[in-house]
Amino acid sequence: MTRIWTIVTVLVLAAIPAAAQAGWAATEWDMTPAQVEAAMPQTKPLKHGEALSMGQAKSVGSYPFGGQSVRAVYYYDDRGLSLVTLTVPFKACGAALEQLQRDHGQPLKISDQVLFRLAIWHDEPMQTRIRAMISPEAKICALNFERLSTYREHDLAPAARP
């Protein structure tokens, strides 16, 4: 009888879908560069990538977004993958923002900075923060996909009053 229950338990557990991994596209947060490059076939090592406070650029590739191929740069910190930046041609920025709104609803926050307009979404199931940085003057449209755990508290804090 114990053997039958063991078999039934295994079959039931096998039928339950696995939880999605937290990350972006086919990647997971904290992956190594080699793991990201294996998960994203259009990605390769970057020899001299820029360093930001969120990590060091170590991989680069292309990614289909909004009906076109855009440049993707992968940044890593001491835990692994921490940020993915997509550089969208400015003429396609409106379509990219519409795609984000279709996929994630209205932004959690929109703010005008000195050089950029920022829009922020939280994708809780994927544990991803999406930050769009748009500058019409400079013709820049960058989409940043980041570990949500790093920014959740900051993004949800009430705005400071002047």
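So, here's what we can say about the structure.

Scoring rules and cut-offs
Residues numbered from 1 in each chain as written. Predicted model: local features only at pLDDT ≥ 70, side-chain atom pairs only at ≥ 80, totals over all residues. Heavy atoms only, no water. Salt bridge = Lys/Arg side-chain N within 4 Å of Asp/Glu carboxyl O. Helix = DSSP H or I, 4+ residues; strand = E, 2+ residues; numbered from the N terminus. Buried < 20%, exposed > 50% of the residue type's maximum accessible area, 1.4 Å probe, protein only. Expected span 1.5 Å × (residues − 1). Arc of directions from axis to C-beta. Contact = heavy atoms within 4.5 Å. Core = buried A, V, L, I, M, F, W, Y, C linked by side-chain atoms within 4.5 Å.

This next bit is on the pattern of salt bridges. Applying the stated criterion across every chain yields a total of eight salt bridges. The partner of Asp-77 in a salt bridge is Arg-147, and the shortest N-O contact between them spans 2.9 Å. Of this pair, Asp-77 sits in strand E4 (residues 68-77) while Arg-147 is found in strand E9 (residues 140-147), placing the two residues 70 residues apart along the sequence. Here Asp-112 and Arg-117 are joined by a salt bridge, their closest N and O atoms 2.8 Å apart. Residue classification places Asp-112 among the exposed positions, given a relative accessible area of 54%. A single network of salt bridges, built from pairs that share partners, joins Asp-30, Asp-77, Arg-79 and Arg-147.

This part covers helix H3 (residues 93-104). With twelve residues, H3 extends 16 Å between its outermost C-alpha atoms, agreeing within 8% with the 16 Å of an ideal straight helix rising 1.5 Å per residue. Those residues of H3 lying buried are Cys-93, Ala-96 and Leu-100. For H3, the angular spread of buried residues about the axis comes to 60 degrees, placing them on one side. Contacts from the buried residues of H3 go to strand E3 (55-65), strand E7 (117-123), strand E8 (128-135) and E9. Downstream of H3 by a residue or two, Gly-105 has a phi angle that is positive, lying close to 80 degrees.

It is worth spelling out the nonpolar core at this point. Grouped together as the largest cluster of nonpolar side chains are 26 residues, with contacts concentrated most on Trp-24, Tyr-74, Leu-81, Val-84, Leu-86, Leu-143 and Phe-145. At the level of elements, E4, strand E5 (80-87), H3, E7, E8 and E9 are the ones that each hand at least two residues to this core. Considering each element in turn, this core owes the most residues, four residues, to E4. In contact with Leu-143, other than residues within four places in its own chain, are Phe-65, Val-84, Thr-85, Leu-86, Val-88, Ala-96, Leu-100, Arg-131 and Ala-132.

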